[in-house]
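Observations on the model geometry
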Amino acid sequence: MTALSATPSAPAPTAEAGFGLYVHWPFCRAKCPYCDFNSHVVADFDEDAWRQALLTDLDHALHQMTEAGGKIRPLSSIFFGGGTPSLMPPPIMADIIERAVHLCGATDDCEITAEANPTSTETATLRAFREAGINRVSLGVQALNDDALQFLGREHSAAEALDALRHARELFDRVSFDLIYGRVGQTAAEWEAELTTALSFDLDHLSLYQLTIEQGTQFYTRHRKGEILSLSDDDMATLYDMTADITKQAGLSHYEVSNYAKEGAQSRHNLIYWQTGDWLGIGPGATGRYRGNGQRYESVKRRSPTAYLQQIAERGHAIDSHYQETKEGYFEEVMMMGMRLKEGVPLIRLQDHLGLTSWPFASDMVNQLCEAGWLEVTDTRCRATDEGRLRLNYLLGQLLASEA
Ligand SMILES: C[S@@+](CC[C@H](N)C(=O)[O-])C[C@H]1O[C@@H](n2cnc3c(N)ncnc32)[C@H](O)[C@@H]1O
Ligand code: SF4
């Protein structure tokens, strides 16, 4: 097997993954007890200061990328994530889209997504998002019954979520929504009913996440005190398998660990991450990764909204760290992101990025994981089976530790 120390060949552009822009909006109405995203509850914010800061950040991110040898090319995706981007004033969104497209260009089918929370107020602003240039919406529905929504600390009711969905479908060709399953006490029959309702909307994309207890959240504190908030691993696995079966019957492919889509409707933005493409990240805590002069760079912005604004005002940027990935880090990124996908990792990606011409894993470990039914490896592709993706952290841990 080829060792990882092989000399990287001159990398070809990541044509399959495209070039994206991620914009982080850090504010929320309330902090959900399970959420560890960079989100903050504030009474108000200075709209002009945020517009200016994000535009300055965009200019700087492009400058920094080109200085590092990265190539500006037409954007295939712009993604407004959060936090709660549906609380972002639409004129700021419009200004960012306009500036980004002016500076980079955009592909004909450029996907421009905003995450939106389905409260009635935010639903009322969806039309303005479309006018700002958004062409895809991802709604944070999370659950379709009021008890579950209350357990998850959400600000909306199930009726509001359904209303938001109907409204979003009228306005946008591409709509997706998120649900969280595996809440304590949730039975397989209840999840099946919830999923069946979700599928009745006949959307071409759904994100279905297993409830995870993340450090630093209210749920984590409660969990540490002994409260049970999510299902056992076995029950969670039952719902995961059921989810794959039911979505498959509905014609959705389980194309990523938590994402299901009809052919051609996959989230182009997230594919950029999973296929190790290039993207810029602006806004508090945003991460960007791109290649330049044969190297891979990561750039991370200041996480605190106050520090972010202040640093941009004082220095014209809010870089917290900007560094060149090691070859090992680059390799781990390709494997850890790519193995989330049903398609897995094509060897050509490691060849393009790192000059590897064969899989650098110990063959006894590969054989063991293949025999367990969790992994499939050919000369050209390495992928986790559905069963393998259920235990992806273990699988990757074994594979990466076995690197020959
Ligand atoms: C950036 S977050 C939320 C965006 C938006 N503010 C909202 O709440 O809908 C993206 C998605 O991650 C999922 N998520 C966040 N924390 C989670 C957790 N601890 N367990 C499972 N899913 C989680 C939720 O489904 C959420 O919609
Ligand atoms: S889940 Fe969404 S709304 Fe809730 S705190 Fe996190 S980012 Fe904000």
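You'll find the structure just up there.
Quick look at the structure, then. The shown structure was predicted, so the numbers you read here are calculated from the model rather than taken from an experiment. Along each chain, residue indices are assigned from 1 in the same order as the chain's sequence is written. Labels follow written order: the first chain is A, the first ligand is 1, and so on. This being a predicted model, a pLDDT of at least 70 is required before a residue's local features are given, and a value of 80 or more before pairs of side-chain atoms are given or counted; all residues contribute to the totals for chains, interfaces and linings. Values reported for side chains reflect all heavy atoms of the structure, with hydrogen atoms and water molecules removed beforehand.

Describing the overall build of the chain
Short version of the rule: Helix and strand labels come from DSSP, where a helix needs a run of H or I of at least four residues and a strand needs a run of E of at least two; each type is numbered from the N terminus. Our radius of gyration looks at C-alpha atoms and nothing else; its globule reference is 2.2 Å times the residue count to the power 0.38. With a 1.4 Å probe rolled over the protein chains alone, any residue whose accessible area is under 20% of its type maximum counts as buried; one over 50% counts as exposed, and the rest are partly exposed. Contact between two residues is taken to exist if any of their heavy atoms lie within 4.5 Å; hydrogens are not considered. Here, Shrake-Rupley sampling with a 1.4 Å probe gives the accessible areas, and only protein chains in the shown set may cover a residue. Residues scored as positive are Lys and Arg, those scored as negative are Asp and Glu, and His as well as the terminal groups of each chain are ignored. A charged residue contributes its charge at one atom only: NZ of Lys, CZ of Arg, CG of Asp or CD of Glu.
Within the chain, the regular secondary structure consists of 16 helices and 17 strands. Computed over the C-alpha atoms, the radius of gyration of the chain is 21 Å, within 12% of the 22 Å expected from 2.2 N^0.38 for a compact globule of 404 residues. Principal-axis analysis of the C-alpha atoms gives the chain an extent of 55 × 55 × 45 Å. In the chain, which comprises 404 residues, the proportion classed as buried is 53%. Counting only contacts in the chain whose residues sit at least 6 apart along the sequence, the fraction spanning at least 24 positions is 71%. By element, 48% of the accessible surface of the chain is carried by carbon and sulfur atoms, the whole surface being about 17200 Å². Both charge centroids of the chain, one from 35 positive and one from 56 negative side chains, sit 2 Å from each other.

Some words on the nonpolar core
Just so we agree on the cut-off: To define a nonpolar core, start from buried Ala, Val, Leu, Ile, Met, Phe, Trp, Tyr and Cys residues and group those joined through side-chain atoms within 4.5 Å.
Membership of the largest hydrophobic core comes to 69 residues, with the highest contact counts inside it found for Leu21, Leu54, Phe80, Ile96 and Ile134. When residues in this core are grouped by element, the largest group, eight residues, is from helix H1 (residues 47–67). Those residues in contact with Leu21 that sit more than four places away from it in its chain are Leu58, Leu75, Ser77, Ile78, Phe79, Ile96, Ala100, His269, Leu280 and Ile282. With 24 residues, the next largest nonpolar core counts Val257, Met335, Leu350 and Leu354 among its residues.

Side note on the site of ligand 1
Which entries qualify depends on this criterion: Summary of the distance rule: residues count as near a molecule or strand when at least one heavy atom falls within 4 Å of that molecule or strand. Nitrogen and oxygen atoms within 3.5 Å of one another constitute a polar contact, given that in protein one can donate a hydrogen and the other can accept it, and given that sequence-neighbouring residues count only through two side-chain atoms. Under the grouping applied here, Gly and all other residues not named as nonpolar or charged are polar, the nonpolar ones being Ala, Val, Leu, Ile, Met, Phe, Trp, Tyr, Cys and Pro and the charged ones Asp, Glu, Lys and Arg.
As a structural note, the neighbourhood of ligand 1 is formed by 17 residues, with Gly83, Gln142, Arg154, Asp178 and Thr212 the closest of them. Asn117 is positioned with one of its side-chain polar atoms (N or O) 3.2 Å from a nitrogen atom of ligand 1. A distance of 2.5 Å is found between an oxygen atom of ligand 1 and a side-chain nitrogen or oxygen belonging to Asp178. Here ligand 1 has 560 Å² of accessible area as a free molecule, and 91% of this is covered by the chains. A class-by-class count of the residues in the shell around ligand 1 yields five nonpolar, eight polar and four charged.

Focus on the pattern of salt bridges
Under the convention used in this document: Salt bridge, as applied in this entry: a Lys or Arg side-chain nitrogen positioned within 4 Å of an Asp or Glu carboxyl oxygen.
Under the counting rule described, the total for this entry stands at 22 salt bridges. Ionic pairing is found between Asp202 and Lys262, a salt bridge with its closest N-O pair at 2.8 Å. Of this pair, Asp202 sits in the loop between helix H7 (188–199) and strand S8 (205–210) while Lys262 is found in the loop between strand S10 (259–261) and helix H10 (268–274), placing the two residues 60 residues apart along the sequence. The salt bridge involving Arg340 is made with Glu256; its shortest N-O contact spans 2.5 Å. Of the two residues, Arg340 is situated in the loop between helix H12 (327–338) and strand S15 (345–346) and Glu256 in strand S9 (residues 253–256); the sequence distance between them amounts to 84 residues. Arg340 sits in the partly exposed class, given a relative accessible area of 27%. Residue Glu256 is classed as buried on the basis of its relative accessible area, which comes to 1%.

Topic: the environment of Leu390
The residue Leu390 is located in helix H15 (residues 386–390) in this model. Residue Leu390 is classed as partly exposed on the basis of its relative accessible area, which comes to 24%. Taking the C-alpha atoms as reference points, Leu390 and Ser258, separated by 132 residues in sequence, lie 10.0 Å from one another. Beyond its immediate sequence surroundings of up to four residues, Leu390 is in contact with Gln210, Ala237 and Tyr240.

Structural notes on the side chain of Thr217
Among the secondary structure elements, Thr217 is positioned in the loop between S8 and helix H8 (218–224). Beyond its immediate stretch of four places on either side in the chain, Thr217 contacts Pro33, Tyr34, Cys35 and Asp36.

Some remarks on H12
As a reminder, the rule being used: To estimate how far a helix should extend, the number of its residues minus one is multiplied by 1.5 Å.
In this model H12 runs 16 Å from its N-terminal to its C-terminal C-alpha over twelve residues, within 8% of the 16 Å that 1.5 Å per residue would give. Among the residues of H12, Tyr330, Phe331, Glu333, Val334, Met335 and Gly338 are the ones counted as buried.

Structural notes on helix H9 (residues 233–249)
For H9, spanning 17 residues, the distance from its first C-alpha to its last is 24 Å, which sits close to the expected 24 Å at 1.5 Å a residue. Within the span of H9, buried status applies to Met236, Ala237, Leu239, Tyr240, Met242, Thr243, Ala244, Ile246 and Thr247. If you follow the buried residues of H9, they end up packed against strand S7 (174–181), H7, S8, S9, S10 and H15. Backbone geometry just after H9 places Gly251 at a positive phi near 85°.

Some details on the site of ligand 2
Inspection of the region around ligand 2 gives Cys28, Ala30, Lys31, Cys32, Tyr34, Cys35, Ser39, Gly83, Thr84, Asn117 and Arg154 as its neighbouring residues. Split by residue class, the shell around ligand 2 holds five nonpolar, four polar and two charged.

Considering the packing of H7 against H9
Rule in force here: Axis angles are defined between N-to-C directions and span 0 to 180 degrees, where every axis is a line fitted to C-alpha atoms and, for a helix, only to the segment in contact. Here roughly perpendicular refers to angles of 65 to 115 degrees, roughly parallel to angles under 35, roughly antiparallel to angles over 145, and oblique to all remaining angles. Each helix crossing is assigned a hand: it is left-handed if the near helix lies turned anticlockwise from the far helix by less than a right angle, otherwise right-handed if that turn is clockwise.
Where H7 contacts H9, the axes come no closer than 11 Å and their chain directions differ by 30°. Of the possible angle classes, the one that applies to H7 and H9 is roughly parallel. Remark: the crossing between H7 and H9 carries right-handed chirality. Taken together, the residues of H9 that come into contact with H7 (itself represented by Ala188, Trp191, Glu192, Leu195 and Leu199) are Leu239, Met242, Thr243, Ile246 and Thr247. Classifying every residue of the contact of H7 with H9 by side-chain character gives seven nonpolar, two polar and one charged.

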